[in-house]
Amino acid sequence: MRTATELLEAAKSMLLSLDDDDARKLYEEIAEFLHEKRGKIWKMSEIICTKKDFHKYVGPRIRNVIQAMTKKIKKKLDYICQNCKEKKELEAAHIHGKSRKDIIESILNAHVIDVQKNLVKVDLDKFEKEITDSHNPLEEHFKFLCAKCHTEYDSKKDG
Ligand SMILES: [Zn+2]
């Protein structure tokens, strides 16, 4: 089977050899159509991988995105720790039972394509939107704590 580029080349030489305005227009139309179609394919950033690799490679990116989201709230809270009420550098602590990995995992479960191999197929842009949506409202998913209170809070997690 010929590739799109080969087909286009064939159409080009045939249509342009007709030396006819309609043929030229038709060629331009086909070229534009293929260009657009290819553009769409390139723009889609889809990934197929194991859940484990997803956490490993995409996880850090998601962490950055969420961190950027929490920045505004930290500022709104005037950097006052929600536990000790001291003004300090704030960290966003996931409220128990809703860790970032848990949330990623629950969304990933909807994208499993091979249960045995634990493979998922994910459109990265869509996923990023899903993950940010699922962290909203941020106040329900995070406590904003200083480093000391964050460590204390997390150490109580399983007990
Ligand atoms: Zn504190």
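Definitions and cut-offs
- Residues numbered from 1 in each chain as written.
- Predicted model: local features only at pLDDT ≥ 70, side-chain atom pairs only at ≥ 80, totals over all residues.
- Helix = DSSP H or I, 4+ residues; strand = E, 2+ residues; numbered from the N terminus.
- Buried ≥ 20, exposed ≤ 12 C-beta atoms within 10 Å, placed from the backbone.
- Axes fitted to C-alpha atoms, helices over the stretch in contact; angles between N-to-C directions.
- Parallel < 35°, antiparallel > 145°, perpendicular 65-115°, else oblique.
- Left-handed = near helix turned anticlockwise from the far one by under 90°.
- Contact = placed C-beta atoms within 7 Å.
- Core = buried A, V, L, I, M, F, W, Y, C linked by C-beta atoms within 7 Å.

(A) Unusual backbone geometry, seen in detail. Between Asn136 and Pro137 the backbone carries a cis peptide bond, its omega angle lying at -10°. Along the chain, Pro137 falls in the loop between helix H5 (124-134) and helix H6 (138-141). The phi dihedral of Tyr79 falls on the positive side, at around 60°, and the residue is not glycine. Examined against the element boundaries, Tyr79 turns out to sit in the loop between helix H3 (51-76) and strand S2 (90-94). In this model, Asn118 sits at a positive phi of 60°, which is unusual for a non-glycine residue. Overall, Asn118 belongs to the partly exposed group, with 15 C-beta atoms counted inside 10 Å.

(B) Summary view of the packing of H3 against helix H4 (residues 100-108). For the pair H3 and H4, the least separation of the axes is 11 Å and the interaxial angle reads 120°. With respect to each other, H3 and H4 are oriented oblique. Between H3 and H4 lies a crossing whose hand is right-handed. In contact with Lys51, Phe54, His55, Gly59, Ile62, Arg63 and Ile66 of H3, H4 contributes Arg100, Lys101, Ile104 and Leu108.

(C) Spatial organisation of the environment of Val112. Topologically, Val112 is positioned in strand S3 (residues 112-114). Overall, Val112 belongs to the partly exposed group, with 13 C-beta atoms counted inside 10 Å. Between the alpha carbons of Val112 and Thr50 there is a distance of 9.1 Å; along the sequence they are 62 residues apart.

(D) Structural context of the nonpolar core. Core analysis: the biggest nonpolar cluster contains nine residues, these being Cys81, Leu90, Ala92, Ala93, Phe142, Phe144, Leu145, Cys146 and Cys149. Counting only elements with at least two residues in this core, the list comes to S2 and strand S5 (142-146). Per element, the largest residue contribution to this core is four residues, and it comes from S5. When near neighbours in sequence (up to four residues on either side) are disregarded, Ala93 contacts Phe142, Lys143, Leu145, His150, Tyr153 and Asp154.

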